[in-house]
There are 2 protein chains.
Amino acid sequence: MNRRLFFLAAALCSQIVTAGPAEYVDPFIGTSNFGATHPGAQYPHGLASVSPFNVAFGQPDLNPFEKDDAWNSRVYIHENRFLTGFSHLNLSGVGCPEAGIMLLMPTTGKLNLDAKEYGSTYSSEQASPGYYTARLDKYDVKAEVTSTARSGLSRFTFPAGQSHILLNLGLGLTNETGGSVEIVSNTEIQGVRNIGTFCYHPENVRPVYFVARFSRAAEDFGAWKKMPAYKNVEADWVAHNNSIKPYANYRHPLSGDDIGAWFSFDTQKDEQIQVQIGISFTSIENARANLDAEQQGFDFASVRQNAVEAWDRLLGRAEIEGTAQHKTMFYTALYHSLLHPNIIQDVNGDYPLMGQSGTGNTNENRYSVYSLWDTHRNVHPLLSLLYPEIQTQMVRSAVAMAKESGWLPKWELYGMETRVMVGDPGTAMIADSYLRGIRDFDVDTAYKAMIRAANQPKDNLLRPEISDYLKLGYVPVDDEGPYDGSVATSLEYYLADYNIAQLAKALGKEEDFQTFSRRADNYRKLFDATTGMLRPKKRSGQWLTPFDPELGRNFEPAPGYIEGNAWNYRFYVPHDTPGLIQLLGGNEAFVAQLDATFDSGNFDMTNEPDITYPFLYNYVDGQAWRTSLRVHQLIEQYFGTGPDGLPGNDDTGTMSAWLAFSMMGLYPVTPGNTDYALFTPLLDSVTLHLDTRYYPGSGLVINNATTDNTEQGGDINFNQRKLKKPFLDHKTLVQGGEITFK
Amino acid sequence: MNRRLFFLAAALCSQIVTAGPAEYVDPFIGTSNFGATHPGAQYPHGLASVSPFNVAFGQPDLNPFEKDDAWNSRVYIHENRFLTGFSHLNLSGVGCPEAGIMLLMPTTGKLNLDAKEYGSTYSSEQASPGYYTARLDKYDVKAEVTSTARSGLSRFTFPAGQSHILLNLGLGLTNETGGSVEIVSNTEIQGVRNIGTFCYHPENVRPVYFVARFSRAAEDFGAWKKMPAYKNVEADWVAHNNSIKPYANYRHPLSGDDIGAWFSFDTQKDEQIQVQIGISFTSIENARANLDAEQQGFDFASVRQNAVEAWDRLLGRAEIEGTAQHKTMFYTALYHSLLHPNIIQDVNGDYPLMGQSGTGNTNENRYSVYSLWDTHRNVHPLLSLLYPEIQTQMVRSAVAMAKESGWLPKWELYGMETRVMVGDPGTAMIADSYLRGIRDFDVDTAYKAMIRAANQPKDNLLRPEISDYLKLGYVPVDDEGPYDGSVATSLEYYLADYNIAQLAKALGKEEDFQTFSRRADNYRKLFDATTGMLRPKKRSGQWLTPFDPELGRNFEPAPGYIEGNAWNYRFYVPHDTPGLIQLLGGNEAFVAQLDATFDSGNFDMTNEPDITYPFLYNYVDGQAWRTSLRVHQLIEQYFGTGPDGLPGNDDTGTMSAWLAFSMMGLYPVTPGNTDYALFTPLLDSVTLHLDTRYYPGSGLVINNATTDNTEQGGDINFNQRKLKKPFLDHKTLVQGGEITFK
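- Under the annotation held in an unreviewed UniProt entry, chain A carries the name Alpha-1 2-mannosidase and is attributed to Lacimicrobium alkaliphilum.

## Comments concerning the side chain of B:E98
All names here are of chain B.
Turning to step 1, where the next piece is worked out: With respect to the secondary-structure elements, E98 resides in the loop between β3 (86-87) and β4 (103-108).
Turning to step 2, where the next piece is worked out: Within the structure, E98 has its side chain in polar contact with the backbone nitrogen of G196 (distance 3.2 Å).
Turning to step 3, where the next piece is worked out: Ignoring any residue separated from it by four or fewer positions in sequence, one finds E98 in contact with L91, L173, T174, I195, G196, T197, F198 and L413.

## Structural notes on the domain arrangement of chain A
Residue and element names in this part refer to chain A.
Turning to step 1, where the next piece is worked out: The domain boundaries assigned to chain A delineate domain 1 (31-313) and domain 2 (317-741).
Turning to step 2, where the next piece is worked out: Here domain 1 and domain 2 have C-alpha centroids that lie 36 Å from each other.
Turning to step 3, where the next piece is worked out: With 44 residues of domain 1 at the contact, the number on the domain 2 side is 41 residues.
Turning to step 4, where the next piece is worked out: Summed over both partners, the interface of domain 1 with domain 2 comes to about 3,300 Å²; 60% of that surface belongs to carbon and sulfur atoms.
Turning to step 5, where the next piece is worked out: Inspection of the region where domain 1 meets domain 2 yields 0 salt bridges.
Turning to step 6, where the next piece is worked out: Put simply, the parts of the chain that give the side of domain 1 that touches domain 2 at least two residues each are β12 (205-214), β17 (271-280), α4 (284-294) and α5 (300-315).
Turning to step 7, where the next piece is worked out: Broken down by element, the side of domain 1 that touches domain 2 gets its largest block of residues, 5 residues, from α4.
Turning to step 8, where the next piece is worked out: Classifying every residue of the side of domain 1 that touches domain 2 by side-chain character gives 18 nonpolar, 21 polar and 5 charged.

## Some words on the sheet that holds strand β18 (residues 318-321) of chain B
Residue and element names in this part refer to chain B.
Turning to step 1, where the next piece is worked out: Spatially, β18-β30-β31-β35-β32-β33 is the arrangement adopted by the 6 strands of the open sheet, whose pairing is mixed. Edge positions in the open sheet fall to β18 and β33 (721-722), since each of these has one partner strand only.
Turning to step 2, where the next piece is worked out: With 2 bridges connecting them, strand β32 (residues 716-718) and β33 associate as antiparallel partners. Across the sheet, the residue bridging to F718 is R721, located in β33.

## Remarks on unusual backbone geometry
Turning to step 1, where the next piece is worked out: The omega torsion across A:H340 and A:P341 is -15°, close enough to zero to call that bond cis.
Turning to step 2, where the next piece is worked out: Of note, A:P341 is situated in the loop between α6 (324-337) and β19 (342-343).
Turning to step 3, where the next piece is worked out: The step from A:T545 to A:P546 runs through a cis peptide bond, and the omega angle for that step is 0°.
Turning to step 4, where the next piece is worked out: Along the polypeptide, A:P546 turns up in the loop between β27 (533-534) and α15 (566-569).
Turning to step 5, where the next piece is worked out: Not every positive phi belongs to a glycine, and A:V369 is a case in point at roughly 70°.
Turning to step 6, where the next piece is worked out: At B:Y414, a residue that is not glycine, the phi angle is positive and equals roughly 55°.

## Quick word on the interface of chain B and chain A
Turning to step 1, where the next piece is worked out: Tallying the contact residues gives 47 residues for chain B and 47 residues for chain A.
Turning to step 2, where the next piece is worked out: Of the roughly 3,900 Å² buried between chain B and chain A, counting both surfaces, carbon and sulfur atoms make up 52%.
Turning to step 3, where the next piece is worked out: Here chain B is connected to chain A by 4 salt bridges.
Turning to step 4, where the next piece is worked out: B:E176 serves as the salt-bridge partner of A:K225, at 2.5 Å between the closest nitrogen and oxygen.
Turning to step 5, where the next piece is worked out: Between the two partners, chain B and chain A, sit 23 residue pairs in polar contact (both at pLDDT 80 or more).
Turning to step 6, where the next piece is worked out: Elements that contribute at least two residues to the side of chain B that touches chain A include exactly β10 (179-185), β11 (188-196), β12 (205-214), β13 (220-226), α3 (232-237), β14 (244-248) and β15 (254-256) of chain B.

## Some remarks on the environment of A:G109
Residues and elements named next belong to chain A.
Turning to step 1, where the next piece is worked out: By the element assignment, G109 lies in the loop between β4 (103-108) and α2 (115-118).
Turning to step 2, where the next piece is worked out: Classification of G109 by relative accessible area gives partly exposed; the value is 33%.
Turning to step 3, where the next piece is worked out: Each C-alpha atom, one on G109 and one on Q272, is 16 Å from the other, the two residues being 163 residues apart in sequence.
Turning to step 4, where the next piece is worked out: Non-local contacts of G109, meaning those with residues more than four positions away in its chain, are made with Q162 and H164.

## As for the state of the cysteines
All names here are of chain A.
Turning to step 1, where the next piece is worked out: Summed over all chains, the structure comprises 2 disulfides over all chains.
Turning to step 2, where the next piece is worked out: Across a sulfur-sulfur distance of 1.9 Å, C96 and C199 are joined as a disulfide pair. Looking along the S-S bond of the C96-C199 disulfide, the torsion reads about 95°, which is the right-handed sense. You can see C96 sitting in the loop between β3 (86-87) and β4 and its partner C199 sitting in the loop between β11 (188-196) and β12, a full 103 residues away along the chain.

Definitions and limits used
Along every chain, residues carry numbers that run from 1 in the direction the sequence is written. Working convention: letters from A go to chains and numbers from 1 go to ligands, in the order in which they are written. Restriction of local features to residues with pLDDT of at least 70 applies here, the model being predicted, together with a cutoff of 80 or more for giving and counting side-chain atom pairs; totals for whole chains, interfaces and linings are based on all residues. Heavy atoms throughout the structure, all of them, feed into the side-chain values; hydrogens and water do not. A helix here means a DSSP run of H or I that spans at least four residues, while a strand means a run of E at least two residues long, and both kinds are numbered starting from the N terminus. For this analysis, a polar contact is any N or O atom pair within 3.5 Å, provided that within protein one partner can donate a hydrogen and the other can accept it, and provided that sequence-adjacent residues contribute only side-chain to side-chain pairs. What makes two residues a contact is simply this: any of their non-hydrogen atoms within 4.5 Å. Note: domain ranges come from an automatic or database domain assignment. For any pair of parts, buried area is found by adding up, for both, the accessible area (1.4 Å probe) each one loses once the two are put together. Salt-bridge detection follows one rule: a side-chain nitrogen of Lys or Arg within 4 Å of a carboxyl oxygen of Asp or Glu. Three classes are used, and their members are as follows: Ala, Val, Leu, Ile, Met, Phe, Trp, Tyr, Cys and Pro are nonpolar, Asp, Glu, Lys and Arg are charged, and the others, Gly among them, are polar. Note on pairing: DSSP must find at least two bridges between two strands before they are called paired. Exposure classes here rest on a 1.4 Å probe applied to the protein chains alone. A residue is buried below 20% of its type maximum, exposed above 50%, and partly exposed in between. We call a pair of cysteine sulfur atoms a disulfide whenever their separation is within 2.5 Å.

Here it is as C-alpha cells:
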C-alpha cells in the first residue's frame, strides 16, 4: 500500500525521477541511419513494447522513408513525421520487416478509419526507458505509452469533444496479412493478428493474440474491414467498394485481411483515457491473463516506474565514469543489448513450441528472437559476463528448442526457425557460454544437437551444405544460391566445429575434440596464398575464377560471401588468428593487411563478419595500441548520441554490444575462446557488479589512467600485476579486481 | 442396431428405394429462369444444405451467368456448367446474393488452390430430396452429397493417385468477406466464415461457424490465403504477390479475406473419402456438437435415408392423384415450401439472439429466414393447414424475436432484421395463424409488438413511415426513397391494420378492433376514381402528377410502388375486395378491369402483390369459373417440370406455395380472413391428412370430378352440400370431409 501511495504521489508530481542509469539512455539512438531500433516503451527482454509507428504512406515531405520501400525493417524512422499509431509488438534491430502490429491511435472529431487520413504529424517527442510521449498535432492529443513485459499501456489526453481510439489490425510492418477482432464489451477488445514471412520466407507465419482494455466505457464502438474491389453489378450496389466498411456496434468476431476496431468517447477537456493491451503467443485467454497479472487497474505511473526500475536494475550492473555523451552512448548500447532475445512465455508458463503449432509450458523464462549469426559474437558473451542468470535461461531455452524440434536455433523468431543467414551459431553460443561458466543446463542434449547439425548429411536444417563440407573440408562454390556464400558458410562451420571441439574437451570427449579441431583447421583449404584471401573454391578443388575481392562491397551478389566481400571475410578465422597470421606471412604482413583493410575502405562497421578486426592487432606483440586507436576511431566515426548514433542495423543489439564492450576496453574476440582482448577504454572507469551466484568475484573495476592512446600505449595491469599479453581470460577476470590501463 | 444393420444393407444395395412422395420431387425445378432454388441436399427446414456451386467465373461458353452479374442470388444456375465446389449454407428463392459458403471441392493431380483453375465441368447430374450427385469431368471424381438438419455429408469417389479435398472459405455467393480456418488434426478443420450485406444492406453481417471432419486422415494438409498486391521493394521480394499463398502443415488459426484449407490423399482406384461439415450460428464448439449429434461415423446411406424419410413424412401429408407431371410439380412445390424458414438453433438449443450479438437457448425449434413480405401470403397459411405444429413453432420463434428485439420480424435473416421490403407482414402472419387456430404462443406479447409497430411514431423499425400514415391515413409520396413505394407501403399497412383488427376482435379488444378497422379502410384515400388506380398521393392531398400506371413494369423506379406498377397494385386490398369492387364501379366493371389486367400484360406472376388476382373472380357471383380458367392458364404458362418450371424467384417458397394451393383448388386470398377461395383443382384428387392435435378432422379429400373447366364451371360440394359461394372457411374445412368439384 505504501508503495502504491508512493507512486500515486509520483504520478501527481507528473514527473518520475530516476536516479539510476536509465536516465542516461536515449531510445532515439539508432532510429536513423538504418539502425532499426525503436524509441518505444519496452521492459527489459519484454515480449511486448509500445512504439510510435511512422513508416506507412510515404510522402516526400512527411514520410520520406516508406515501409514497403528499400527493404525497411523499422517501425519508426527519425526522419519521418507522419504517425499512424503505436505498435505493440516490435523488433529492435532486425534486417527484415516484421511485427510492428496492433496499432493504437487516438483521434478526435469526425470518425475516420483510413490510416492514410487519420495519421498525424507529432511534436514534443520524448523517450526514455519504459516511456515515450508525443503530441499529435492534428488532434491536440498528448500520447504517452509505457510497457510491462507482456503488455502495453497507453494514456491519451484528449481535448473536449468527440474522441476516438482506433486499434488497427491491418496496417503493420510485417508482410503477413490477416487477423480477427471481437469487441467483447464497451471496455474490451480481443483478437488475433497474423505475422510472419520474415525475410520473405513465406512459410514462417503465426498468430499473435491480444486483449485490449479501456479505462473508460466507450459511448460508441465498432469494427471495420477494408472491402475488396467488387465487379460488375455488385460494384454498383455495394456501399463499400474497395473502401473501408464500418461495422457499428458489431460484437461478433470479425475476420479479414485488413481490419480494426474503434471506441468513441465524449471527452472533457484534458480527459485522460488509458488503454492496456496484453499480448500472448498462445491464446486470447492467456493474453487476458498476462494483462490481468501485470497490470492492476490503470496505473500509468506505476507501470512506468516498474519499467524504469527494471532497467535500472540491469543497467546498474555496470557503473561508469565518463563524459555525459559517453554515458548516454554506453547505457543506450547496454539498453539495446537487453531487448532481444525476449521472453515469450505467458505468465502461466505457456509458450509456442519450437517448429510446431502446439503449446508447451515452463516454470522459467522462455526466450525467443535469437538472431544468433549476429548475437553469438558479443551479445551473449556480454550477457554471460554481466547477467549470467539471464544467459543461463537463454541457453536453457535454446536447448529446449533442440528438444522440441531436434535442432538448436539459428535465427529463431517466435517459435519459428526462419533459417535466415548461415552457419551454426547456436552451437557457438552455447559452447561459449559453457566455457564461461554457464553450466545450469542440459549440456548432453545440447551437445547431441550440435553433433547432429555437424554430422547429419541429409535434411540438415542448420547446415544444409554439410554433406560437401564433410567430404571436401569446405563448402564448394559450385551450387551456392544467392544467400549462402560458400566461403562465409565454411568459415561459420569451422568456427562451430571449433566450438564443438572446445566443448568436447571440457566434457572430456577427447576423440571429438580431436575430430572437430581437425575440421576447424580446414579453413586453410580456402586460403589462397596468391591473393591472401579466403577464396571461393570449386568442388574440383580449383579456385573460383575470375575473382574480385572487392565484389560484394555494396551488397551486390558476391559468390562465396554473404553480406560482405572477400576483404570483410579475410581474417574471419577467430579460432586460429595465430595460424592465419602465419598463412598471411607473419606479423608484419598481417598488420599491413589489417591496416589495408581499414584504409582501403573494405572494413564494414555495419556488419558482423569483420567487427573483430580492430581487435586483431592485439595478436601481434607490441601492436595492441593500434587496437585502441582503431576502436576509438571507429567509435568516433560511427557511433554517437544522435538518432544516427549507430553505424547501421543494430542486429538485435550486436552493434550495441560491440560498442558497450569497446567502450569498456575489452572484447570477446573468439566464441569458444574465453579470452577478452584488452585495450584502452573510452570510459574513465567502469565497475562491473558480478553475480556471485556464478562468479567468485563480486566486482571488476576497469580504470583508464591513460592520457594518450594514440601511440604505442602503456601497460595493462590486472590486480596490480602487469599483463604480458593484452588478453585476459574470462575465468581470471571474473575473479574480480581491477584492470588498470596506464 | 437393427436400424444400423438395415441401413448398412441399404448402403450395400447402393440404391435406396423410396416409395414415398419424395420420389416425385425434382430439385432442379427453379434452377433456371431466375427461380433461385438450388438442387442440393437439404433436410426439411434444415439449417445446412449441400448444393453444387456453379456461379463463379463467368465465361460465355461455360458459365453464362456470373454471381456478381445481374443481381444474382443463386448458388446454382442450370445453364452454367463450371462447378467450383459444394456450398454448405444456401438460401432457396431469395432475391439478393447471400450465403453460398464453405465450398468443398474434390480435385486430383497437382495441387491447385485457385478456384478459377481447379473448377470443373460436370456430368451425370442427379438430384432428389436429400441427395445430389455429379461426376466432375476434369478429375473423374464422382461427387455425392447428402445432409442432416445441421450438417452436410459429401462422398467423393476418387481415381487412383494424388487426390485433394479443398475447403474454400473465400469464394461464396455472399457479398461479405472474411473468415478464419484452423486445421485441428489430419482429419478435422474448424473455422468461421462471415456472411451478410444482404440486399446490399451493409450493417447486417455475422459469422457462421463450422467443423469439417474427414473419413480418412490426410497425408498432407495446409491452409491458404490470397495475398494482396504488394508495392515497391516488397513486391519484388514476396513470393506470393496478389496470388494464393499456401501454408503447408499450418496448424494455427489463419484469418483473412480469402482463405481455405486443403487435405491431400494418396487414393486407390474408386476409393471413397467422405467429409462431414457441421454448422452453427453460435460457436465452433456447437458446430462440432451438432455434427457429433447428427452423424455417427460416416454413414452416407443412413444420412441420406434419414433425409428421404423426413421428406416423405412431410410430403405425405398430402396424397394426390394426377398425371406424373402434375405429381412432380405439386410435390416439388410442397418441397420448396418446406425449406424456409429453417431451424437455426444448435442441438443444445443455442441460437443467435434477434438483433443483437448474444446467444439464447431454447428447448424447441427456433426458426429463422423469414421473408415475410412474401411468405405471409401463402407459405404460412399452407403450413397452418398442413403442418400446424411447424407453423406454431414458427409463430413462437417470431414472438421470441419480438421479446428479444422489441419488434416482430419482417425480413429476418439469421437473427438479423434486414428491413428488406415494406409493410408489417409479421403482424399479418401471426394474426392469420391465430385465426386459423394456431394458439400455442404468447399472443399478448405478439399483440403488444403489433401495436408498437402500428403506433410508435418515431424510430419505428417496421413501419418507418408510420408518423405520416397516422396523420394522413396514407403514406405520402413526397419523401419516398427508391424502395419504399408510398402506395405499396400504405396498402401493406392497411392489411396489417386489418389483421390487428381481426386479432383484436378475437381477443375481445373491441375498441382496437374498431380503431384498426377504420385505419384499414383508409385505403379509400388512395383510390383515384379517375384512373381506377390506387394512386400516389402527396402530403398536400394532391395526386402525384404526371402518373403512368404502366411505369414500373420492368423494374424501373415507379413512384408509389415497389416491385411493380399501379396495375400490379390496383386490386391489392385483399381485406376489402367487396369495397374495392364498389369503388371500381361494381361487379361488371371489376371483372372487366381484372380481365384487362391479365390481357394487357400487366399481371405479374413472378411477384407477390398481384398473385391473388386470379382468385378475385370468386368475389363476383357467377364468375368463379374464370378463376379456374385463369389459374389453369397461369400454371400452364408459368409452371412446369423443367429447371424453368417456376415463373421467377421462388421467394422462399411463395411461388411454390401458390402452385401447391392452386393445384389443389383452394387459395387463402386474404391474410387475417380464413376463407379459402375454391376453384377447380388441377389434380384429380387430393387427400390432406390433417393434424388431429390441432384440427377436429383427420382428413380432407378434394375430388375433381369436372370434365371441362373452360366455361361457366360447375358446382362445388362440401360434404355433399353444395356451396353457395366459392369460398370455404378454414374452420369449416378443417372439420374434414370432402370437397367435390363437378
